[in-house]
Every structure is written in structure tokens, then in C-alpha cells.
Amino acid sequence: MKRVLVSGGAGFLGSHLCDRLLKEGNEVLCVDNFFTGRRSNIHHLLDHKNFELLRHDVTHPLFVEVDEIYNLACPASPIHYQFDPVQTTKTSVIGAMNMLGLAKRLKIKILQASTSEVYGDPEIHPQPESYRGNVNTLGIRACYDEGKRCAETLFFDYHRQHGVPIKVMRIFNTYGPRMHPNDGRVVSNFIVQALKGEDITIYGDGMQTRSFCYVDDNIQGMYSLMNSRDGFTGPVNIGNPGEFTMLELANEIIELTNSKSKLVFLPLPQDDPMQRKPVIDLAKKELNWEPTIKLRDGLTKTIEYFEGVI
Ligand code: NAD
Ligand code: UDP
Ligand code: UDP
């Protein structure tokens, strides 16, 4: 039995990862400061004999004994990561350093939840891992994007300099049950608005695109990456190559919820990427992974979840 640390384990993806790791027979140490994470995400695990919760901020050192680390701690939605941008960069950079220091001391494997945001507003489409990105270092998204880029640098330097075994995953937009209803991301916003019969807020003209991956597919990719062959570090894109405009997404959600909501058009936020779609050849080859859940099916499950919580 392995003892696995999940930082950010009370968040959306982290809580699903805790579920999976427990199901695989591991012990889980969930470390979270509850900035965006919620007790309700892990409430069902609190009595599990192999689950332990530690309220802790990863910008501070942490001395525990574990066998493996998944580093997910970091707010992921623009309204949350822009609420305290300095803290966001600290969480990504100092948090990564502390988790890497822990991995180095214990000589254990560590996985980083990086992001498609390292590609910024991409000039090539779709994005392979070799693309170096187009981030505005001065913009309002940079606290997140550059924090995550620097964390990747730290991962590769700890690997080269100290021999720490690393796995770096670049996650593209992921959605599903346990997304925060107020976190401002497009899928949760549109579903909540549609269910409440409120206006659906399209930023810009709605022609920008994203690729949406259902949470179960993401977690399968994350688990496969952690257990991939020794020496495979990534970075590897994990996302669904299906590409949709925000207008298409809104119309799909209106149809699935039978909503009477109308579309309203609001200004596009600064530095909002126009398009995003992963190349997933590397994940297919190295992890034998590809997404299996269609947008329509994933949205249906997500709508069911939101019906129960709002
Ligand atoms: P989330 O906000 O639901 O989860 C992040 C978790 O980290 C929360 O539980 C939060 O309380 C915790 N946290 C934040 N700062 C912390 C700190 N200083 N110390 C300890 N805990 C802290 O977001 P999520 O969607 O579950 O994202 C998880 C990870 O995946 C993040 O690193 C995010 O950048 C990455 N990611 C997610 C997506 C996505 O579409 N969901 C896309 C790309 C990357
Ligand atoms: N660290 C930690 N837990 C550990 C080992 C290290 O939190 O078990 C922290 C440590 O306090 C430091 C960071 O991780 O701030 C990086 O550790 P490293 O050993 O690389 O650096 P050093 O301690 O030599 O500065
Ligand atoms: N978006 C939108 N309406 C909303 C929330 C978001 O049109 O209510 C747009 C946003 O401008 C962006 C896309 O949806 O173009 C995805 O936004 P999200 O914050 O979910 O993810 P990210 O921009 O980080 O990929």
C-alpha cells in the first residue's frame, strides 16, 4: 500500500483524484488550505480509514512521510486566481518548490498539474507539447500562466540537478461534478445560468474556442501518467481534442436543460485566448490514453450534479 500526498485534494480535480487513489487501495494524505476547495468535495471520504486531511498552505514547508506526490494546489479559475494574484504566483512557485523539496528528501516521484495556459494565446493551432507558448507576462492572467511556467522549470531543474523523478501534465479545460458553482468558469456559469433561467453570459462574440475534457477522462490520464514508464517526464497534454465555440457550448447547454435563457454578450476579458485545442499524440503513445466521454454525455452528468446543489 502506498501513501500518496495530494496537494489541492479538496478541490474539483483533487477530490476526484483522492477517490481514484483510495479505490486503487492507496492511503491518501489530502493537503489543502481551502482557498477554493470545499469540505463538501471530500465529505464522503472523511470517515474512510485510508484518508487523512491536513489543512495546510503549500507556500510553507511541509515535513511528512509519503511515497508519491500529486501537486494540484493552485486556484484554477480566472476569478479566483486573479483575486490575489501575488498569492497565486506564490502558490505555484513556492508551493512547487516545497513539494519538490519534499520529493527530493524522500526520493519519491512527483506529478505536477500544469496547464494549457502555458501556451497563452497560442499562435499555432492545435497545440503540441513542443510549442513554447505566447503568454503576456504583464497581463492579468500572467500570475497563473507564468507561475505554472516557472513551476515546470523547477520540476525540470529538480529532475536534472537532483534526480527527482517527475511527471508533468498539461491539463486542458476540464469540467464535471464538483466544479464550484460560482467559480466563473464557462461550463459552470452556463449550466447554472441555464438551470436558473438567467441570461447566459457570452464574453466577446462567442466565437473563441475551447476543448473540454470530462473529469473522469482527466483523472484516468493523470493516474496513467504517474504510473507511466520510468524516465518519461512529459510534459504531456491531457485534454479532449473536440473543439467548440462558446456559442456552440451555450446552445448545447440550453438544449440539454430545456432552458428559456437568452444569450447576452459581454466584453471579452483581457488576454482571453481565442482558441485552444490539444494535440494528444504523446498521451496516446506513452500512456495509451485518449478521452472516451463525449461533450454531450459529460454535460448531461454535470447538469445532473448542478441540479442537486443549486
Ligand atoms: P480548484 O480550485 O478546484 O482546486 C485547487 C485546490 O488547491 C483547492 O482545493 C484549493 O483550496 C487548493 N489550494 C489553492 N491554493 C493553495 C495553497 N496555497 N495551499 C494549499 N492548497 C491550495 O481547481 P481544479 O480545477 O481542481 O484544479 C486543480 C489543478 O489542476 C490546479 O493546479 C490547476 O491549475 C490545474 N488545472 C486545472 C484545469 C481545469 O480545467 N480544471 C485546467 C488546467 C490546469
Ligand atoms: N522542504 C519541505 N519539506 C521537506 C524538504 C524540503 O517543505 O521535506 C522545503 C524546504 O523547506 C525548502 C524547499 O522545500 O524551502 C526546497 O527544498 P530544497 O531541499 O530543494 O532546498 P533547501 O532546503 O536546500 O533550500
Ligand atoms: N466565458 C464566457 N462566459 C462566461 C465565462 C467564460 O463566454 O460566463 C468564456 C471566456 O471568456 C473564455 C472561455 O469562456 O473565452 C473559457 O473560459 P474559462 O474561464 O472557463 O477558461 P479559460 O479561459 O481559462 O480557458
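Structure: see above.
These remarks concern the structure in this document.

Criteria and cut-off values
- Residues numbered from 1 in each chain as written.
- Chains lettered and ligands numbered in written order.
- Predicted model: local features only at pLDDT ≥ 70, side-chain atom pairs only at ≥ 80, totals over all residues.
- Helix = DSSP H or I, 4+ residues; strand = E, 2+ residues; numbered from the N terminus.
- Rg over C-alpha atoms; globule rule 2.2 N^0.38 Å.
- Contact = placed C-beta atoms within 7 Å.
- Buried ≥ 20, exposed ≤ 12 C-beta atoms within 10 Å, placed from the backbone.
- Pairing = 2+ DSSP bridges.
- Right-handed = clockwise from strand over helix to strand, strands pointing away.
- Axes fitted to C-alpha atoms, helices over the stretch in contact; angles between N-to-C directions.
- Expected span 1.5 Å × (residues − 1).
- Bend = angle between axes of the 7 residues up to and from the residue.
- Near = placed C-beta within 6 Å.
- Left-handed = near helix turned anticlockwise from the far one by under 90°.
- Nonpolar A, V, L, I, M, F, W, Y, C, P; charged D, E, K, R; others polar.

**With respect to the overall build of the protein**
Here is step 1 of the chain: Along its length, the protein carries 10 helices and 13 strands.
Here is step 2 of the chain: At 19 Å, the protein has a C-alpha radius of gyration in line with the 19 Å of a compact globule built from 310 residues.
Here is step 3 of the chain: Referenced to the eigenvectors of the C-alpha coordinate spread, the extents of the protein come out at roughly 55 × 45 × 40 Å.
Here is step 4 of the chain: Counting only contacts in the protein whose residues sit at least 6 apart along the sequence, the fraction spanning at least 24 positions is 80%.

**Looking at the pairing of strand E6 (residues 166–171)**
Here is step 1 of the chain: Of all six residues in E6, six are buried; the element is thus mostly enclosed.
Here is step 2 of the chain: The two faces of E6 match: Ile 166, Val 168 and Arg 170 on one face and Lys 167, Met 169 and Ile 171 on the other face are all buried.
Here is step 3 of the chain: By the bridge criterion, six bridges tie strand E5 (residues 109–115) to E6 in an arrangement that is parallel. Across the sheet, the residue bridging to Thr 115 is Ile 171, located in E6.
Here is step 4 of the chain: Following the chain from E5 across helix H5 (residues 142–162) to the adjacent parallel E6, one finds a crossover that is right-handed.
Here is step 5 of the chain: Sheet topology places E6 next to strand E11 (residues 236–238); three bridges connect them, and they run parallel. Within the sheet, the bridge partner assigned to Ile 171 lies in E11 and is Ile 238.

**A closer look at the sheet that holds strand E3 (residues 51–55)**
Here is step 1 of the chain: Across the sheet, which stays open at both edges, the seven strands sit in the order E3-E2-E1-E4-E5-E6-E11 with parallel pairing between neighbours. The open sheet is flanked by E3 and E11, the only strands paired with a single partner. For this sheet, the mean inter-axis angle between neighbouring strands, taken without regard to orientation, is 20°.
Here is step 2 of the chain: In this sheet, strand E4 (residues 68–71) lies alongside strand E1 (residues 3–7) in parallel orientation, the contact comprising four bridges. Paired with Val 4 across the bridge in E4 is Glu 68.
Here is step 3 of the chain: Contacts from helix H4 (residues 85–106) reach E1, E4 and E5 within the one sheet, and its direction differs from that of E4 by about 170°.
Here is step 4 of the chain: The sheet strands contacting helix H7 (residues 215–226) are E4, E5, E6 and E11, and the helix crosses E6 at an angle near 160°.

**Topic: the pairing of strand E8 (residues 200–203)**
Here is step 1 of the chain: The alternating pattern of E8 places Ile 200 and Ile 202 on a buried face and Thr 201 and Tyr 203 on a face that is not buried.
Here is step 2 of the chain: Sheet topology places E8 next to strand E13 (residues 263–266); four bridges connect them, and they run parallel. Paired with Thr 201 across the bridge in E13 is Val 264.

**Observations concerning the environment of Phe 232**
Here is step 1 of the chain: Mapped onto the elements, Phe 232 comes out in the loop between H7 and E11.
Here is step 2 of the chain: On the basis of neighbour counts, which here come to 14 C-beta atoms within 10 Å, the residue Phe 232 falls in the partly exposed class.
Here is step 3 of the chain: Residues Phe 232 and Asn 218 lie 14 residues apart in sequence; the distance between their C-alpha atoms is 18 Å.

**Observations regarding H4**
Here is step 1 of the chain: Taking 1.5 Å per residue, 22 residues should reach 32 Å; H4 reaches 31 Å between its end C-alpha atoms and fits that length.
Here is step 2 of the chain: Along its length, H4 shows its largest kink, about 25°, at Thr 91.
Here is step 3 of the chain: The complete set of buried residues in H4 reads Thr 88, Thr 89, Thr 91, Ser 92, Gly 95, Ala 96, Asn 98, Met 99, Leu 100, Leu 102 and Ala 103.
Here is step 4 of the chain: In this structure, the buried residues of H4 make contact with E1, E4, helix H3 (78–81), E5 and H5.

**Quick word on the site of ligand 3**
Here is step 1 of the chain: Ligand 3 sits among 15 residues. The nearest are Arg 185, Val 186, Asn 189, Thr 201 and Tyr 203.
Here is step 2 of the chain: Top contributing element to the shell around ligand 3 by residue count: E8, with three residues.

**A look at the packing of helix H1 (residues 12–23) against H7**
Here is step 1 of the chain: As a packed pair, H1 and H7 sit with axes 10 Å apart at the nearest point and diverge in direction by 60°. Crossing geometry of H1 relative to H7 is assigned as right-handed. Note on element contacts: H7 touches H1 through Val 215, Asn 218, Ile 219, Met 222 and Tyr 223, opposite Leu 13, His 16, Leu 17 and Arg 20.
Here is step 2 of the chain: Residue composition of the contact of H1 with H7, grouped by class: six nonpolar, two polar and one charged.

**Remarks on the site of ligand 1**
Here is step 1 of the chain: Taken together, 28 residues sit near ligand 1, with Gly 8, Gly 11, Leu 13, Thr 36 and Gly 37 positioned nearest.
Here is step 2 of the chain: Breaking the shell around ligand 1 down by element, the ones donating at least two residues are H1, H4 and E5.
Here is step 3 of the chain: Considering every element that reaches the shell around ligand 1, the biggest residue donor is H1, with three residues.
Here is step 4 of the chain: Per-class residue counts for the shell around ligand 1 are 13 nonpolar, 13 polar and two charged.

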